[in-house]
Amino acid sequence: MKTQLNLIGKLGLSLLILLCALLHFNGTLHATNRLYVLDPQMWWSQTGGVIREAKLVVTPAGTYVNYDLYLTISAIDGYYTQEDTLEFVLDFELPDRSIVHDSWLWFEDTLLIAEIMDRWTANAIYESIVQRNQDPSILFKQSDIQYQLRVFPMAGHESRSLRLSWLQPINWSYGSVSVDIPLHILQTSASNYPNLEIYIDSDWGEPYFHSLPEKTFTLTSNPDFQKMLHSTITDSEYANAYTISFQTPMSDGVFLSTYSSEEENLYQLVMIPSHALDIAKPSKVLVMIDYDENKTSLSYEHVLLAVKQNLQENFTEKDSFNLILSGLNPYQVSSHWMPSHQDTVERVFSELPSSAFSSNTYLSQLLVSGLNLMKMQLNEGALVLVAASDAYGRSSAANNLMKDIKSEYSALPTVHVVDFNNHNISSFWQGGGYYYGNEYLYTLLTRQTGGNYYTLAGGGSMYSTLGKAFQSVGYPLSIYDLHVTLDDGFCYGRINPTPVVQTTYANRPILQMGKYYGSPPFQIQFSGLYNQQPFSRTIQIDTSYHSAHDSLLMKIWTGNFIIDLERNGSTNDIISEVVKYSLEYRILSLYTAFLALEPGVSTDIPSELERTPDWINDGEWWEDGGWEPIGIDDDVFSEVKSSELDVAVYPNPFSYSTTIQVIISDFSNTLDYSISIHNILGEKIKSFNPQQYQVGNKIVIKWDGRHENGNEIPAGNYLLVVRVGNDIKTVLISKQ
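Note that the structure is a prediction, hence the values are computed from the model and not measured. Each chain carries its own residue numbering, running from 1 in the written order of its sequence. Where local features are concerned, this predicted model is filtered to residues with pLDDT of at least 70; where side-chain atom pairs are given and counted, the filter is 80 or more; whole-chain, interface and lining totals use all residues. Excluding hydrogens and water, the side-chain values take into account all heavy atoms of the structure.

S.K.: Residue-level account of the overall build of the chain, with values.
M.R.: Counting secondary structure elements, the chain contains 12 helices and 45 strands. Contacts spanning at least 24 positions in sequence make up 74% of the contacts within the chain whose residues lie at least 6 apart. Summed over its atoms, the accessible surface of the chain is roughly 31,200 Å², and 47% of this surface lies on carbon and sulfur atoms. Strands here mean DSSP runs of E at least two residues long; helices mean DSSP runs of H or I at least four residues long; both are numbered from the N terminus. Contacts are residue-level and defined by heavy atoms, with any inter-residue pair within 4.5 Å sufficient. Methods summary: accessible areas were calculated by the Shrake-Rupley approach with a probe of 1.4 Å, and residue burial reflects only the protein chains presented.

Structure representation (structure tokens):
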């Protein structure tokens, strides 16, 4: 069977594959953002790439924002010549639970839109192109947040334009909603950062930059972005332009929007329990700021502005706050709690004397000052430490400080930490993993006081990271249940992006999306334990919010459905379900790919690859052209036979070890042979030297279920691949 792609336009010798590969990381993830250019014939020689132009279309759509990022990229001027054929590589991150759903490429005025297909078909086409010495471009999803884009070919003097489209979770608070701008991608440029042209397509009111209050949006005259609001971020403004905010579309702490198609009805809900249900007690928060100018790229003014805005948008006049700034003699604003009224917060920050600001860390003095004040207040409320320091980066120093604190204070308040040490980050190895800056100290401090540790190291703006900490202030909702239904009908297919089994807080937004049958009004039933006291509330929503962008709700629901499936394992049924939804709704998954190829290059899969893609060589094609390995079948077998080659695995499934037996009828005709184990994504995890296990025409291997590196493999499905000359057999092996 031959597979053909429906392609749009022409594009030199360009190919784009958007391909997912799942990697697991332990410990704190420090994301990689890097842009470079190389000659594939001399891959060891790399230079920085340049982003010449950048445009970003921002479309809020309820629980998510849609980004269309347009980039024009090239090599550094003068480094390469027209005769050089180059590859462009961009490593970048996206926030967790982002949903990639489209990719475009241009060559001069020609547009190519990628088509989505199953991973195995894309691999087969990829292999056929490589065999014809035509080089592809690949965009990998390397983990839940890490991606890599490759574009080939580019001449040394050439520029290439592209577009990436994805949905990204929105940051909700009672006072506003905000989105983090992906400036980290533009900051990979080797020369001057490009100006970023931002276009807003929204009906949520006038957008604004949190840290650039003087910058405004105006109606654009660009015909490509009609009726959108426009603003430009220059390279000098990058440090203060990470967040765009909108007036909240919430009503009484609830946002509900719906979308109806011919087939289904969908809804999405955002609710802040403290405002929607009147269950929360007033919150008290003491904010402490420790600033070391050598340990952060953020200015003191930027940090203060982010703290002020989060106090105004996450608390009301019923709540209380206080503020201490670090120094040899820490500056304490007040000896008592102050109301978190917007005007009060504004006045306190406007009256801070310049003498109160220190550019060096005095973390121990600050902690003592804050703990003494909380002790006088009988530890009512929570302490939020906002710090950029590594003064206690070593475990010995951190342990000694914690020992002194615990000996001095019989009881400690809840402490949350926001670590904005994002420059000159030190690290050390402790207990089987690396700790960065004061991470070891902050981990001890938050764990022993019941608080949370937040850091900018994994991405996110100062404003949004502070918002998570401030929303953690107050008593927890240790158990809760959110049930949405209709007076005339019912809801189903509910998805909770934040699992309901996790502890949350009354000030933290709770999100849910689902499907419904029937007609509004909606009934929201919410119950649980708040401060260890049971509660139950029901509220009715008569009308829902409607927007021109509600159609994106189908992609939001499907994208989250796919993410949840992927995180529930890699069984045959799950993979089939993921592929089905991914292909139908054009949403990237771990088992599908976006592929764009110039029409002049044949996409026929050669006969030698049609039934034998890269690493799976016995299988059958789905009717729609997809590849289904024999190992991925409901009727799992443990033995494959042919006239020349018999392969058996027993026991299968196995728990601790299994025996692999290969019988070859005639070794004299065998030029070469190999035996290897692959994970479900095709990555080789173990190989064997058959000659070490050969007795006559039989090979017997007892495998202990361990990786090549000696680590035990996790439970799941794996593929045994036996190659004997041109005869190749695969067997599915299941580890329990």
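S.K.: Can you break down the packing of helix α10 (residues 553–566) against helix α11 (residues 572–585) residue by residue, with the values?
M.R.: Viewed as axis vectors pointing N to C, α10 and α11 meet at an angle of 160 degrees, and their least axial separation amounts to 10 Å. Taken as axis vectors, α10 and α11 run roughly antiparallel relative to one another. Two packed elements cross with a definite hand, and for α10 against α11 that hand is left-handed. The segment α10 lies against α11, with Met-554, Lys-555, Trp-557, Thr-558, Phe-561, Ile-562, Leu-565 and Glu-566 engaging Ile-574, Glu-577, Val-578, Tyr-581, Ser-582 and Tyr-585. Here the contact of α10 with α11 is composed, by residue class, of nine nonpolar, two polar and three charged. Interaxial angle, 0 to 180 degrees, is taken between N-to-C directions of lines fitted to C-alpha atoms, where a helix line uses only the stretch in contact. The scheme is simple: roughly parallel for angles under 35 degrees, roughly antiparallel for over 145, roughly perpendicular for 65 to 115, oblique for anything else. By convention, the crossing between two helices is left-handed when the near helix turns anticlockwise from the far helix through less than a right angle, and right-handed when the turn is clockwise. Side-chain classes are defined by residue name, with Ala, Val, Leu, Ile, Met, Phe, Trp, Tyr, Cys and Pro counting as nonpolar, Asp, Glu, Lys and Arg as charged, and the others, Gly among them, as polar.

S.K.: Lay out the layout of surface pockets in plain terms, naming residues and giving numbers.
M.R.: What the second largest pocket holds in volume is close to 360 Å³. Across the lining of the second largest pocket, the residue classes break down as eight nonpolar, nine polar and three charged. Cavities and pockets were defined on a 1 Å grid built from protein atoms only: a cavity is a group of points that admits a 1.4 Å probe but offers it no way out, a pocket is an open group of points flanked by protein on both sides within 12 Å along at least five of seven lines, and a lining residue is one with an atom within 4 Å of any such point. Grid points are joined across faces, edges and corners, and a volume is the space filled by probe spheres set on the points.

S.K.: Describe in detail the nonpolar core, supporting the description with residues and values.
M.R.: Core analysis: the largest hydrophobic core is formed by 52 residues, its most contacted members being Leu-71, Phe-88, Phe-92, Leu-162, Leu-196, Ile-198 and Ile-244. A per-element tally of this core places strand β4 (residues 64–75) first, with five residues. Excluding anything up to four places from it in sequence, Phe-92 contacts Thr-32, Asn-33, Leu-139, Ile-145, Gln-146, Tyr-147, Leu-149, Leu-164 and Ile-185. Residues Phe-321, Ala-356, Phe-420 and Leu-466 belong to the second largest nonpolar core, which totals 34 residues. Definition used in this section: a nonpolar core is a set of buried Ala, Val, Leu, Ile, Met, Phe, Trp, Tyr and Cys residues joined via side-chain atoms within 4.5 Å. Three exposure classes are used, based on accessible area relative to the maximum for each residue type with a 1.4 Å probe and protein chains only: buried under 20%, partly exposed in between, and exposed over 50%.

S.K.: Let's hear about the pattern of salt bridges: which residues, and what values?
M.R.: Salt bridge criterion: a side-chain nitrogen from Lys or Arg within 4 Å of a carboxyl oxygen from Asp or Glu. Evaluation of the coordinates by the stated rule reveals 15 salt bridges. When the shortest N-O distance is used, the salt bridge between Glu-237 and Lys-215 registers 3.3 Å. Here Lys-215 lies in the loop between β15 (208–209) and β16 (218–219) and Glu-237 lies in the loop between β17 (229–233) and β18 (243–247), a separation of 22 residues in the sequence. Like Glu-237, the residue Lys-215 is buried in the burial classification. A salt bridge links Lys-686 to Glu-708, with the shortest nitrogen-to-oxygen separation between them at 3.8 Å. With Lys-686 in strand β41 (residues 684–688) and Glu-708 in the loop between β43 (698–703) and β44 (716–724), this pair connects stretches of sequence that are 22 residues apart.

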